[in-house]
Amino acid sequence: MTREAAPELDLRPPEPARRLRLGVAGLGRAFMLMLPSLAHHPRIQLVACADPRPEARIRFTADFDAPAYADFGALCEDRQVEAIYLATPHQFHAAQVARAADAGKHLLVEKPLAVTLAEAASMVERARAAGVRLLLGHSHGQDGPVLAARRMIAAGEFGAPRMITALNYTDFLYRPRRPEELDTSQGGGVVFSQGAHQVDVVRLLGGGLVRSVRAATGAWDPARPTEGAYTAFLDFENGCAASLTYSGYGRFDSDVFLDWVGEMGQPKDPSRHGMARAALAGLPDAAAEAALKATRTYGAPGQPPGLPPAEPPRFHNQFGLVIASCERADLRLTAQGVEIHGDTTRLLRKTPLPAVPRGEVLDELCAAVLDGTPPLHDGAWGMATLEACLAILQSAREGREVALHHQVAPKDK
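Residues numbered from 1 in each chain as written. Predicted model: local features only at pLDDT ≥ 70, side-chain atom pairs only at ≥ 80, totals over all residues. Heavy atoms only, no water.

1. What about helix α10 (residues 286-294)?
Part 1: Taken together, the buried positions of α10 are A288, E289 and K293. Across the axial projection of α10, the buried residues extend over an arc of 145°, all falling on one side. (Buried < 20%, exposed > 50% of the residue type's maximum accessible area, 1.4 Å probe, protein only. Helix = DSSP H or I, 4+ residues; strand = E, 2+ residues; numbered from the N terminus. Arc of directions from axis to C-beta.)

What follows is the structure, given as structure tokens:
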């Protein structure tokens, strides 16, 4: 009788997880806010960048031991780059997406997708023709509590959504700005930059298909000649209705409704009220303001060396007060999860925190490119959100309700 030999144990270490080789275009403020996520996300490897500022390129090469280009076209031609995070000014998105898609690069585009519907449509078609993924992000529609509330609604746990209230008061208009950020025609003002977040959240909770928009905007500071506030009523095809209010004039702070947790999920000191306006008060002109903004960009003098530490977030990102009223419960989004207000009970259903801040954005990108999962925030979704933002501006300008024609429903997982 012979005894079978025992199978040999495989003592080799497991294969490392496949990482997405990502290039970045634009090392400005948006990149700085995403840097902790990009530097420490387990499925992302930063392999190249493009930025016109030499100090930013020098810093990138030192931090990531990777090439840094002055020209966007050179980034597109880099064979190491599989996907590009496009964090450039809004008005450049359409042309840059066309260039990158033609080079076979997948794309994550900062909101808003574009400045006009024609540009957005061309971006969606260019990506489709090239066979590359086009995603919108970051967006607060990718925050964990928003996604959790959407899953509850899609599952019918509390019945259909009937009414959504979204309200956010910030100091957005008084943070340092370049001149084009105060020019609506170039994508400036709160509707493009902040409405893109709020509309995205509300569309996701309400089913995506907005039928019409009625809105008013406010431009109340001649020194900041763009929209600093808006209020809008969105009517959905499924019968849901949503009211959206946003003010960036730096007076009331709606983070009081989020237990003084700020937009980025950081504990906030309410005694710092008015600091944004105070910082601008002593500046002599627009050039000085642009220079102040440059101090907040990557590679600026005085920044500490090295990458930010890999600190897990304490709270989720948030975008103001959001309440989704469903047939059997009201769902309030918090920096910890979803607070469920029923007929006789109230409970907080906590949402697991991402491993890195804004990790959900990069999770969606990696799932789309590496795993073949259809993204929720694809180009068509970003175009539909842009259409609603443009309708806010048009409705306010013309004093009428505006019908929408390019809306899409969410692709729930």
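Resuming the write-up.
2. Considerations on the nonpolar core
Part 1: If you look at the biggest cluster of nonpolar residues, it comprises 75 residues, and the most contacted ones within it are I84, L205, L234, L244 and L331.
Part 2: Looking at this core element by element, the count peaks at eight residues for helix α12 (residues 379-398).
Part 3: Not counting the four nearest positions on each side in its chain, L331 is found in contact with A149, I153, F158, V322, I323, A324, C326, V338, E339 and I340.
Part 4: Core analysis: the second largest hydrophobic core is formed by 27 residues, L22, L135, L365 and V369 among them. (Core = buried A, V, L, I, M, F, W, Y, C linked by side-chain atoms within 4.5 Å. Contact = heavy atoms within 4.5 Å.)

3. Observations concerning the packing of helix α4 (residues 93-102) against helix α5 (residues 117-130)
Part 1: Between α4 and α5, the least distance of the axes is 9 Å, while the angle of their chain directions is 5°. Here α4 lies roughly parallel to α5, going by the angle between them. From α4, H93, A94, V97, A98, A101 and D102 reach across to α5, where they touch E119, M123, R126, A127 and A130.
Part 2: The class makeup of the residues in the contact of α4 with α5 is seven nonpolar, one polar and three charged. (Axes fitted to C-alpha atoms, helices over the stretch in contact; angles between N-to-C directions. Parallel < 35°, antiparallel > 145°, perpendicular 65-115°, else oblique. Nonpolar A, V, L, I, M, F, W, Y, C, P; charged D, E, K, R; others polar.)

4. Observations regarding the confidence of the model for the chain
Part 1: Residues with a pLDDT of 70 or more make up 96% of the chain, whose mean pLDDT is 94.
Part 2: In the predicted structure, residues 1-7 sits below a pLDDT of 50 and forms zero contacts with residues beyond four places in sequence or in another chain. (pLDDT = per-residue confidence, 0-100.)

5. What about the pattern of salt bridges?
Part 1: On inspection of all chains with the given rule, the structure shows 24 salt bridges.
Part 2: Ionic pairing is found between D63 and R59, a salt bridge with its closest N-O pair at 3.0 Å. Linking D63 with R59, this pair stays in helix α2 (residues 54-64), spanning four residues, or about one helical turn. Considered together, D63 and R59 belong to a single accessibility category, that of buried residues.
Part 3: The salt bridge involving D235 is made with R211; its shortest N-O contact spans 2.7 Å. Of this pair, D235 sits in strand β9 (residues 229-236) while R211 is found in strand β8 (residues 210-218), placing the two residues 24 residues apart along the sequence.
Part 4: R211 gets classed as partly exposed once you look at its relative accessible area, which sits at 42%. (Salt bridge = Lys/Arg side-chain N within 4 Å of Asp/Glu carboxyl O.)

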